[in-house]
2 protein chains.
Amino acid sequence: MDDPTLDPADWDGLRTSAHDLLDRALDRLQSARDGRVWTPMPEAMKSGLKAGLPGKGIAHDALADRLSDLMPYGVGNTHPRFFGWVHGAGNPGGVMAEIAAAAMNANLGGRDHGAIHVERQVLDWCCAMMGFPADSGGLIVSGTSMATIIALKAARDRRLDFTSRSKGVGGARLTGYASTQAHSCVARAFDMLGLGSDALRPVPCLGDFTMDLCALRQMIREDAEAGLTPFAVIGTAGSVNVGAIDDLAGLADIAATKDLWFHVDGAFGATAILSDPVRSRLRGMERADSLAFDFHKWLHVNYDAGCVLIRDRDAHLRAFSERPDYLAASTRGLAAGNPWPVEFGPELSRGFRALKIWAHLLEHGTEKLGAAITRNVEQARYLASRIGETPGLELLAPATLNIVCFRYAPVGAGDLDALNDAIVIELQESGVAAPSTTRIEGRLAIRVNLTNHRTTRPDLDLLLSEILRIGGWLSSN
Amino acid sequence: MDDPTLDPADWDGLRTSAHDLLDRALDRLQSARDGRVWTPMPEAMKSGLKAGLPGKGIAHDALADRLSDLMPYGVGNTHPRFFGWVHGAGNPGGVMAEIAAAAMNANLGGRDHGAIHVERQVLDWCCAMMGFPADSGGLIVSGTSMATIIALKAARDRRLDFTSRSKGVGGARLTGYASTQAHSCVARAFDMLGLGSDALRPVPCLGDFTMDLCALRQMIREDAEAGLTPFAVIGTAGSVNVGAIDDLAGLADIAATKDLWFHVDGAFGATAILSDPVRSRLRGMERADSLAFDFHKWLHVNYDAGCVLIRDRDAHLRAFSERPDYLAASTRGLAAGNPWPVEFGPELSRGFRALKIWAHLLEHGTEKLGAAITRNVEQARYLASRIGETPGLELLAPATLNIVCFRYAPVGAGDLDALNDAIVIELQESGVAAPSTTRIEGRLAIRVNLTNHRTTRPDLDLLLSEILRIGGWLSSN
């Protein structure tokens, strides 16, 4: 082959196909409110995907068709009646940042280039938004799962005088504390870091699903007396099941008294600091040693985009930094600009996800982003109130933030768990709405999560009327 | 605010700005061969970036300008004379995949939707490409750093009967083995996983910078006799300093005999399996228990995109799977399609990076990708041969793959380390070429890495003539 470069032989062809695909992508986004929420990929298309490793390439117009054909088969989170799990609804303007990022093809592991400066600016904004000191450590990551691992590694290593980096955790019997409602990514981080998920103690909750601080104090005392080493307490700002916010100021006090690292899992809840009515409920978050949160949830940056902030920047750096010969630092040239981002996390190759965050904050500004959050909180209150006044529906937890857990429970119905599970599947498969399920005190709940800037009250009305219709139909068959 | 949706009020405005930006992005890529390799971001632009957290948004045309203004200030890896570290040169067609991904905004943590099926197909292709069984475990990740952590976690947990997940690594004295030339991400994984980087034993290398297998056998024996538990050996397919490929078949034999997990770090080297002349040198890689490699390096998929393959899919799953109530599996509806990707890695939120890999393989096909690799290998041989015949230049390591380490060493020169460091900085700052540096047996080397589909032989000729010119000028001043 004479010219094995991967640049197109026909630039005009690429240009035409890319513009054509861009129009189809924008058409898709412009009609995000229409049609079905979730459309399973047809079997014929699944089999069409299956093919041997391609030896020869295809033309750009054919590639545009292949890509465009996939677009209708998303998870549904761009639709106003997607209420499942905690998904952001995305941002049409985000396509612009992706175009620029693709052209730059930057690796943000390190070195001195424009993308690094953009990420630093985004981190400055994160500190400002969350009330962290401007000289905190931080890193843009894929999401809260990774942010939590990074934060708790810094906590682990600082407690062990950073000898754990070379010597391992060995016989150190570190223990951490999070509520029974904490997200599984916290226990997973304990597992990843070699501490074991049992070292994360599940602290009972009060009736409002927030951590019982009296129980926490007692558990810390008992563990210390048993010769263990309590090292971290993890507060939840927006629990995954019901959206509960722990008493973060109370946790900050306990952490200060007991010399614990105070981490906050604010995956979606932390960003509610932009909402005027919610802000005060997050008081204490700004005192955390570390904070993990996502941009792709309640701020609607396209997947994936999260952040970790660590107050003790030196500990953050000491938990990750190493510079072998082939990554040597310099004060001049391309290898300048120390420290490099790779010194704040486990990844050496890092795409330019900071760009879409930067562009998103520029495009919308915090006021509009906060207003969208406020609207979701008001919608949750509205939905809970409608459930409360509707016979046959039962609220299973207080809807204090953006999540409403309830069930269809008409008098005389049989197995409510099976019935409500069937209702949710029917809702999803009919394409009308997509809540998910969870269990609240053992009972299966229809779980409606509102992190969706496209949702309106009529969407919620339709959801309830469909639940009653499907529930009635399933009960009578 | 009446309508706090984040969708644009003016769709036509977004459309115009996005098309405009797309043209500017393609213009930039079409001229990737021209001009300077690396242009530091001007101080005025750095200060322009600094601004308070924006309260109000900006219009899409202004956003397009802001994004477009950043484009010239990449790290330089899209230029044919970027030779630093190991960076891929990117792919103009990749912008199409990013447009489609932005429109879908998929979260690939789980659930049953189109993106999940695309990732599965990509993993099937990875198995086929690397000679792994089709029923291997696998995951698309940000890069080899993350892939290595995932692979070694599976190795750690399988050796400890998966009790480590809940109980931690405690007193288990696991040891692993990699050559002194292994990448730092391997030791970092040991650190992350609580084993400590000291538990990774550095095995001496032979003169060709590959692992000394006799030394390896002896170290394993000594550690076992000392009561430690050897559990993993890590082979390198393409070392970061010089591109050396360990005797992978020999390592596979030792791993089988000693009951060790055999991991291969194939960050860039593994993909050279697509190159006809290189393929046979990777023999044994297909016998690995796990393999980590990148698509954004020698295959030029845009950043970031890597992969981990794990032969024992059950171990992979058992090392990561957990399904709390709010992520309960279903056989129908949106929560179907088990297992979910989140059960194969630490991340619950996962963007659709599989799409750009899928599109890239479709666009180019493996033959063309392999030919581009072959060309880089031939260029490395050419460059080494020119260095060998040029007085004043000294080759510091055999150039057996795609990396050439050498220095300017004229008779009578003084501090060669300082001189060569200065040459590299001058090359970078002049914008003519961008190699990086490393140390080979203590000596500072100019390190030319060829994972660049745009490089031509005249680019290499220019590099050498500039080194001689700058070196001569620096020596005489």
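See the structure shown above.
Residues numbered from 1 in each chain as written. Chains lettered and ligands numbered in written order. Predicted model: local features only at pLDDT ≥ 70, side-chain atom pairs only at ≥ 80, totals over all residues. Heavy atoms only, no water.

Participant: When you look at the side chain of S290(A) in this model, what are you seeing that I'm missing?
Facilitator: Residue and element names in this part refer to chain A. Tracing the chain through its elements places S290 in strand β7 (residues 290-294). Since its relative accessible area comes to 0%, S290 is described here as buried. A polar atom in the side chain of S290 sits 2.7 Å from the side chain of H263. (Helix = DSSP H or I, 4+ residues; strand = E, 2+ residues; numbered from the N terminus. Buried < 20%, exposed > 50% of the residue type's maximum accessible area, 1.4 Å probe, protein only. Polar contact = N/O pair within 3.5 Å; in protein donor to acceptor, adjacent residues only side chain to side chain.)

Participant: Which parts of the structure should I look at to understand the relation of the copies chain B and chain A?
Facilitator: Note: a rotation about an axis with an accompanying shift along it relates these two copies of the chain. With an RMSD of 0.0 Å, the operation that places chain B on chain A is a rotation of 180° combined with a shift of 0.0 Å along the axis. Taken together, the rotation and translation relating the two chain copies correspond to the operation of a two-fold axis. Both copies present the same face, since 100% of the interface residues in chain B are matched by interface residues at the equivalent positions in chain A. (Least-squares fit on C-alpha atoms with pLDDT ≥ 70 in both. Contact = heavy atoms within 4.5 Å.)

Participant: It is not clear to me how unusual backbone geometry should be interpreted in this structure. Could you clarify?
Facilitator: Trans peptide bonds make up most of the peptide bonds, and negative phi angles are found at most residues other than glycine. The omega torsion of the bond from Y303(A) to D304(A) falls at -15°, within 30 degrees of zero and hence cis. Tracing the backbone shows D304(A) in the loop between β7 and β8 (306-310). Backbone torsion omega between N338(B) and P339(B) reads -10°, so that peptide bond is classified as cis. Within the fold, P339(B) resides in the loop between α12 (313-320) and α13 (353-388). Here the phi dihedral of W85(B) falls at roughly 45°; this positive angle occurs in a residue that is not glycine. As for its placement among the helices and strands, W85(B) is situated in the loop between β1 (82-83) and α4 (94-104).

Participant: Any chance you could explain the packing of helix α1 (residues 11-30) of chain A against helix α3 (residues 60-70) of chain A here in plain terms?
Facilitator: The packing of two helices is summarised by the inter-axis angle and the distance between the axes. All names here are of chain A. Orientation of α1 relative to α3, taken along the N-to-C sense of each, is 15°, at an axis distance of 8 Å. The orientation of α1 relative to α3 falls into the category roughly parallel. The two elements α1 and α3 meet at a crossing, and its hand is right-handed. Two secondary-structure elements touch here, α1 through G13, L14, S17, L21 and R24 and α3 through H60, D61, A64, D65, L67 and S68. Of the residues belonging to the contact of α1 with α3, the class tally is four nonpolar, four polar and three charged. (Axes fitted to C-alpha atoms, helices over the stretch in contact; angles between N-to-C directions. Parallel < 35°, antiparallel > 145°, perpendicular 65-115°, else oblique. Left-handed = near helix turned anticlockwise from the far one by under 90°. Nonpolar A, V, L, I, M, F, W, Y, C, P; charged D, E, K, R; others polar.)

Participant: Help me out: how do you make sense of the interface of chain B and chain A in this one?
Facilitator: Interfaces are often sized by the amount of accessible area the parts lose when they come together. Opposite the 163 residues of chain B that make contact, chain A presents 163 residues. Between chain B and chain A, the buried area comes to about 14,500 Å², and carbon and sulfur atoms account for 61% of it. At the boundary of chain B with chain A, the tally comes to 24 salt bridges. In this structure, R165(B) and D191(A) form a salt bridge, with 2.7 Å as the shortest nitrogen-oxygen distance. At the junction of chain B with chain A, the criterion picks out 89 residue pairs in polar contact (both at pLDDT 80 or more). For the side of chain B that touches chain A, the leading source of residues is α13(B), giving 17 residues. Split by residue class, the side of chain B that touches chain A holds 76 nonpolar, 51 polar and 36 charged. (Buried area = accessible area lost by both parts, 1.4 Å probe. Salt bridge = Lys/Arg side-chain N within 4 Å of Asp/Glu carboxyl O.)

Participant: How should the sheet that holds strand β5 (residues 229-236) of chain B be read in this particular structure?
Facilitator: As a general point, the strands of a sheet are linked pairwise by backbone hydrogen bonds and lie either parallel or antiparallel. All names here are of chain B. Read across the sheet, seven strands follow the order β2-β8-β7-β6-β5-β3-β4 without closing on themselves; strand pairing throughout is mixed. Of all strands in the sheet, those with a lone pairing partner are β2 (137-141) and β4 (200-203), marking the two edges. Taken over all neighbouring pairs, the strand axes of this sheet differ in orientation by 20° on average, direction set aside. Here five bridges tie strand β3 (residues 174-179) to β5, and the two strands are oriented parallel to one another. Bridging from a neighbouring strand, T175 pairs with P230 of β5. Sheet strands in contact with helix α6 (residues 144-159) are β2, β3, β5, β6 (261-265), β7 (290-294) and β8 (306-310), and its direction is about 175° off that of β6. (Pairing = 2+ DSSP bridges.)

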